[in-house]
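So you can see what is in the structure, the chains are spelled out below.
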Amino acid sequence: MEGHGGVISISWQILLVELASFLILLFVLGKFLFKPITKLLENRSNQIKNTFETIEVEKQNIEKIKQDYQNQLNELNKKVGEIIQEATRKGDIQRQEIIAQSQKEANKLVERATAVIEKEKEKAILELKNQTAELSILAASKILERSIDESMAYQLVDDFIEGMNKETLH
Amino acid sequence: MEAEAPFLLQFLVDWLNQILGKWIPINATIVMTWLVSIGIIILAIVACSSLKMIPKGAQNLLEILIEQVLQLMEGMMGQKKAKFFLPLMGTLALFILVSNLIGLVPGLKAPTGDWNTTIALALIVFILTHFFGIKGKGLIGYLKHFVGPIWWLAPLMVPIHFIGELAKPFSLSIRLFANMMSKHMALGCLALLIIIFSKKAILFAQTLFIPLFLPPVIMMLGVLTCLIQTFVFVFLAIVYISIAMEEEEH
């Protein structure tokens, strides 16, 4: 089949062989290349779409969970605040109670002490009065060497103590 | 003045002629067509043997090409039709691209540099155009398109449309073939010049740079031409088919 015409030449046989070759190539590629590749491309675009959709859904879920946690946190904060307030209030009350109690006890103690002191004082005064009277009587009877009847002597002593009281106790 | 095929290719042609010569005419173009086809099929099988969601290597290469063709088609004929015609257009694109580029390899010949190949390709497009045109609109509806919108202009319009339709495969095949052949010729002439000039190197020392430095430039232009011609052929094939299938607009 050599030497048919020039560069621009048509040979029907060659044309037909070319045609057949191309059709065979078309058939083979259609089966082995385009079918799997188109399927792959489709799958891939589907997968990408699905992935994006999943991401969108997940995002919403996460947003919801976040919202939930935020709510829970807020609630907890509120509760904690309440507990602290309650505790503070109770503590205050207890403090008041304790203070009142102590105040009362202290007052009682003071009262008791005052009473004892008063009693002691009265006792001391009485004793002092008696002794002073005896001593005075003794001294006076010795100095004056005259008897004074007892009632007059007590009258004198009382006067004296009265005067002393006025001078010393006040 | 058919250019003699280079030695290795000629050897292959002779060998195949001995085996298949009785049934099939064998020449360099056919052998190259077969080589290209086998190469593409091997590439396809390699790429598809382990298809992965994340493409790599051969799969990536083919995916890029196929997706480009698919996008081009989807823009013109819609998604459904594009998917249907993808194998045809994809095969056309792959075959023409590899055929064009293989012509740049010294010692090999571009199958698309032979008018017979491009006619075969254009013929397929031509036949499919009209087949799907008739299928889409019905025979009468499709023939109406030849008559045109005004019935009494039919005697004028029918021949015009007829010639127009015939011119499509003609121009399609001539464009691709002429581009590839002229590139081949230019490279061949420059190669010849090297031989001629080197024999008289002393005389032509100053002009030797022409055959030495021009081929790379032509090669680079050649790669560009290969890509552009592939695109143009596939693009026009898509346009012809989509026009034939679409509703009448003119």
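None of these values were measured; they are calculated from a predicted model. (Residues numbered from 1 in each chain as written. Chains lettered and ligands numbered in written order. Predicted model: local features only at pLDDT ≥ 70, side-chain atom pairs only at ≥ 80, totals over all residues. Heavy atoms only, no water.)

**Q** Give me the overall build of chain A: which residues, what numbers.
**A** Helix and strand counts for chain A stand at 2 helices and 0 strands. Overall size of chain A, expressed as C-alpha extent along the three principal axes, is 195 × 25 × 20 Å. Looking at chain A as a whole, 15% of its 170 residues qualify as buried. As displayed, chain A offers around 14200 Å² of accessible surface, 60% of which is attributable to carbon and sulfur atoms. The centroid of the 23 positive side-chain charges in chain A is displaced by 12 Å from the centroid of its 27 negative side-chain charges. (Helix = DSSP H or I, 4+ residues; strand = E, 2+ residues; numbered from the N terminus. Buried < 20%, exposed > 50% of the residue type's maximum accessible area, 1.4 Å probe, protein only. Areas by Shrake-Rupley, 256 points an atom, 1.4 Å probe, with all protein chains shown as cover. Lys, Arg positive; Asp, Glu negative; His and termini not counted. Charge placed at Lys NZ, Arg CZ, Asp CG, Glu CD.)

**Q** I'd like to hear about the overall build of chain B, residue by residue, with values.
**A** Looking only at helices and strands, chain B has 7 helices and 0 strands in total. Starting at the N terminus and walking to the C terminus, you meet the elements of chain B as α-α-α-α-α-α-α. Principal-axis analysis of the C-alpha atoms gives chain B an extent of 75 × 50 × 45 Å. When burial is assessed residue by residue, chain B has 41% of its 250 residues classed as buried. A fraction of 65% describes how many contacts in chain B between residues 6 or more apart in sequence connect residues 24 or more apart. Looking at charge distribution, chain B has the averaged site of its 15 positive side-chain charges lying 4 Å from that of its 12 negative ones. (Contact = heavy atoms within 4.5 Å.)

**Q** For the confidence of the model for chain A, give the residues involved together with the corresponding values.
**A** Mean pLDDT over chain A stands at 86; residues scoring 70 or higher make up 92%. In the model, residues 1–5 of chain A has pLDDT below 50 throughout and makes 10 contacts with residues more than four positions away in sequence or in other chains. (pLDDT = per-residue confidence, 0-100.)

**Q** Which residues make up helix 5 (residues 139–147) of chain B, and what are the values?
**A** Side chains three or four residues apart in an α-helix point the same way, a direct result of the helix having 3.6 residues per turn. Residue and element names in this part refer to chain B. Within the span of helix 5, buried status applies to Y142, H145 and F146. The buried residues of helix 5 occupy one face: seen down the axis, they fall within an arc of 105°. Opposite its buried face, helix 5 presents the exposed residues I140 and K144, each directed more than 90 degrees away. Two residues or fewer after helix 5 comes G148, characterised by a positive phi angle close to 95°. (Arc of directions from axis to C-beta.)

**Q** Run through the interface of chain A and chain B, naming residues and quoting values.
**A** How large an interface is tends to be reported as the accessible area lost when its parts come together. Opposite the 37 residues of chain A that make contact, chain B presents 46 residues. Here chain A and chain B share an interface that buries about 3800 Å² over both sides, 77% of which is from carbon and sulfur atoms. Applying the counting rule to chain A against chain B returns 2 salt bridges. In terms of residue class, the side of chain A that touches chain B is built from 21 nonpolar, 12 polar and 4 charged. (Buried area = accessible area lost by both parts, 1.4 Å probe. Salt bridge = Lys/Arg side-chain N within 4 Å of Asp/Glu carboxyl O. Nonpolar A, V, L, I, M, F, W, Y, C, P; charged D, E, K, R; others polar.)

**Q** Talk me through the pattern of salt bridges; I want residue IDs and the actual numbers.
**A** All names here are of chain A. The final tally for this structure, using the stated rule, is 5 salt bridges over all chains. Two residues, E86 and R89, come together in a salt bridge whose shortest N-O distance is 3.1 Å. Residue E86 and its partner R89 are both found in helix 1 (residues 12–144); the two are separated by 3 residues, about one turn of the helix. With a relative accessible area of 34%, E86 lands in the partly exposed category. When its relative accessible area of 46% is taken as the criterion, R89 is described as partly exposed.

**Q** Explain helix 4 (residues 115–137) of chain B residue by residue, including any values.
**A** Residue and element names in this part refer to chain B. Here helix 4 spans 32 Å end to end across 23 residues, near enough to the 33 Å set by a 1.5 Å rise per residue. For helix 4, the side-chain oxygen to backbone nitrogen distance between the N-cap and N116 is 2.9 Å, and the N-cap itself is D114. Downstream of helix 4 by a residue or two, G138 has a phi angle that is positive, lying close to 85°. (Expected span 1.5 Å × (residues − 1). Polar contact = N/O pair within 3.5 Å; in protein donor to acceptor, adjacent residues only side chain to side chain.)

**Q** How would you summarise the packing of helix 3 (residues 57–102) of chain B against helix 4 of chain B if you had to cite specific residues and measurements?
**A** Residues and elements named next belong to chain B. The interhelical angle for the contact between helix 3 and helix 4, taken along N-to-C directions, is 165°, at an axis separation of 12 Å. When the axes of helix 3 and helix 4 are compared, the pair comes out roughly antiparallel. Helix 3 and helix 4 meet at a crossing whose hand is left-handed. Residue-level contacts link F84, F85, L88, L92, F95 and I96 of helix 3 to T117, L121, I124, V125, L128 and F132 of helix 4. (Axes fitted to C-alpha atoms, helices over the stretch in contact; angles between N-to-C directions. Parallel < 35°, antiparallel > 145°, perpendicular 65-115°, else oblique. Left-handed = near helix turned anticlockwise from the far one by under 90°.)

**Q** Summarise the packing of aromatic side chains; cite the residues concerned and give the values.
**A** Residue and element names in this part refer to chain B. All told, the structure shown has 9 aromatic pairs over all chains when counted by the stated rule. When the ring of F84 is compared with that of F85, the centres are 5.1 Å apart and the planes differ by 85°; the resulting orientation is edge-to-face. Judged by centre distance (5.1 Å) and plane angle (80°), the ring pair of F131 and F132 falls under edge-to-face. (Phe/Tyr/Trp six-rings, centres within 6.5 Å; stacked < 30°, edge-to-face > 60°.)

**Q** Outline a nonpolar patch on the surface, supporting the account with residue identities and numerical values.
**A** On the surface, L214, V217, L221, L224 and I228 of chain B cluster together to form a nonpolar patch covering roughly 420 Å² of accessible area. Structurally, L214 of chain B can be placed in helix 7 (residues 209–245). (Patch = residues over 30% accessible without salt bridge, like charges linked within 9 Å, V, L, I, M, F, W, Y side chains within 5 Å.)

**Q** Kindly report on the packing of helix 1 of chain A against helix 4 of chain B, identifying the contributing residues and their values.
**A** Two elements in contact, helix 1 of chain A and helix 4 of chain B, have axes whose closest approach is 8 Å; the angle formed by their N-to-C orientations is 55°. In terms of orientation, helix 1 of chain A lies oblique with respect to helix 4 of chain B. For the pair helix 1 of chain A and helix 4 of chain B, the crossing hand works out as right-handed. Between helix 1 of chain A, through I14, L15, E18, L19, F22 and L23 of chain A, and helix 4 of chain B, the contact on the second element is made entirely by N116, T117, I119, A120, L121, L123 and I124 of chain B.

**Q** I'd love a proper account of the nonpolar core, names of residues and values included.
**A** Counting 65 residues, the largest nonpolar core has L33 of chain A together with M73, M89 and L92 of chain B as the members making the most contacts within it. When residues of this core are traced back to their parent elements, those giving at least two are helix 1 of chain A together with helix 1 (7–20), helix 2 (28–49), helix 3, helix 4, helix 6 (154–199) and helix 7 of chain B. Among the elements that take part in this core, helix 3 of chain B stands out by supplying 19 residues, more than any other. L92 of chain B has contacts with F22 of chain A together with L121, V125, F233, V234 and A237 of chain B, leaving out every residue within four places of it along the chain. (Core = buried A, V, L, I, M, F, W, Y, C linked by side-chain atoms within 4.5 Å.)

**Q** So, the environment of K168 of chain B: which residues are in play, and what are the values?
**A** Secondary-structure assignment places K168 of chain B in helix 6. Exposure remark for K168 of chain B: the relative accessible area of 18% places this residue in the buried category.

**Q** Let's hear about the side chain of S21 of chain A: which residues, and what values?
**A** Inspection of the secondary structure assignment puts S21 of chain A in helix 1. A relative accessible area of 9% means that S21 of chain A is categorised as buried. Residues contacting S21 of chain A, with those up to four places away along its chain left out, are T33 and W34 of chain B.

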